[in-house]
Amino acid sequence: MDTEKNNPRTTIENQIKNCPILLYMKGSPEFPQCGFSARAVQILADCGLKFSYVDILQNPDIRRELPIYANWPTFPQLYVAGELLGGSDIMVDMHNQGQLQEKLQQAVDAAPATKDVYK
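Residues numbered from 1 in each chain as written. Predicted model: local features only at pLDDT ≥ 70, side-chain atom pairs only at ≥ 80, totals over all residues. Heavy atoms only, no water.

Visitor: Any chance you could explain the overall build of the protein chain here in plain terms?
Guide: What the protein chain contains, in helices and strands, is five helices and four strands. The order of α-helices and β-strands along the protein chain, N terminus first, is α-β-α-β-α-β-β-α-α. Counting every position in the protein chain, which comprises 119 residues, the buried fraction comes to 42%. Relative to all contacts within the protein chain whose residues are 6 or more apart in sequence, the contacts with residues 24 or more apart total 66%. A total accessible area of about 6,800 Å² is found for the protein chain, and carbon and sulfur atoms account for 48% of it. (Helix = DSSP H or I, 4+ residues; strand = E, 2+ residues; numbered from the N terminus. Buried < 20%, exposed > 50% of the residue type's maximum accessible area, 1.4 Å probe, protein only. Contact = heavy atoms within 4.5 Å. Areas by Shrake-Rupley, 256 points an atom, 1.4 Å probe, with all protein chains shown as cover.)

Following this line, the structure appears as structure tokens:
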């Protein structure tokens, strides 16, 4: 058995590295399972750029490991260009100040091609 392949930390690192805009959330963009995830999806939709997501409810190992990896205890968590941006409150603030769209666009422009969505 390939332990690196089954290691949640390795999975997280690969997801973050391969997705210019990545949202770890409860549920999916079509069916968010909490208000904070719904708000995060709405903000990203307002920005009009494609993003990847991971449904932590369907990935319990990632749900357990990500708060340790990120030193951020709550969900959703938004990663842009490989770095943790924050949760929905930070997204709201940045969106209201006009900073989020620019940061997301820079990440997309710098990335080769949008990768597959992780589920």
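Visitor: What exactly am I supposed to notice about the nonpolar core here?
Guide: In a soluble, globular protein the nonpolar side chains are often hidden away together inside. Judged by nonpolar contacts, the single largest core of 20 residues is most densely connected at I21, L23, L44, F51, L78, L100 and L104. Mapped onto this core, the elements with two or more residues apiece are strand 1 (21-25), helix 2 (35-47), strand 3 (77-80), helix 4 (88-96) and helix 5 (100-110). In contact with I21, other than residues within four places in its own chain, are L44, L49, K50, F51, S52, L78, Y79, L104 and V108. (Core = buried A, V, L, I, M, F, W, Y, C linked by side-chain atoms within 4.5 Å.)

Visitor: Honestly, the packing of aromatic side chains in this entry has me stumped. Any pointers?
Guide: To describe a pair of aromatic rings, one takes the distance between the centres and the angle between the planes. This model, assessed by the stated rule, comprises one aromatic pair. Geometrically, the ring pair formed by Y24 and Y79 is edge-to-face, given 5.7 Å between the ring centres and 80° between the ring planes. On the criterion of sequence distance, the pair formed by Y24 in strand 1 and Y79 in strand 3 is long-range, its members being 55 residues apart. The pair Y24 / Y79 is uniform in exposure class, with both members buried. (Phe/Tyr/Trp six-rings, centres within 6.5 Å; stacked < 30°, edge-to-face > 60°.)

Visitor: Sorry, what's going on with the environment of Y69 here?
Guide: Within the secondary structure layout, Y69 lies in helix 3 (residues 60-70). For the pair Y69 and E13, spaced 56 residues apart in the sequence, the C-alpha separation amounts to 9.2 Å. Setting aside residues no more than four positions away along its own chain, Y69 makes contact with R9, I12, E13, I16 and Y79.

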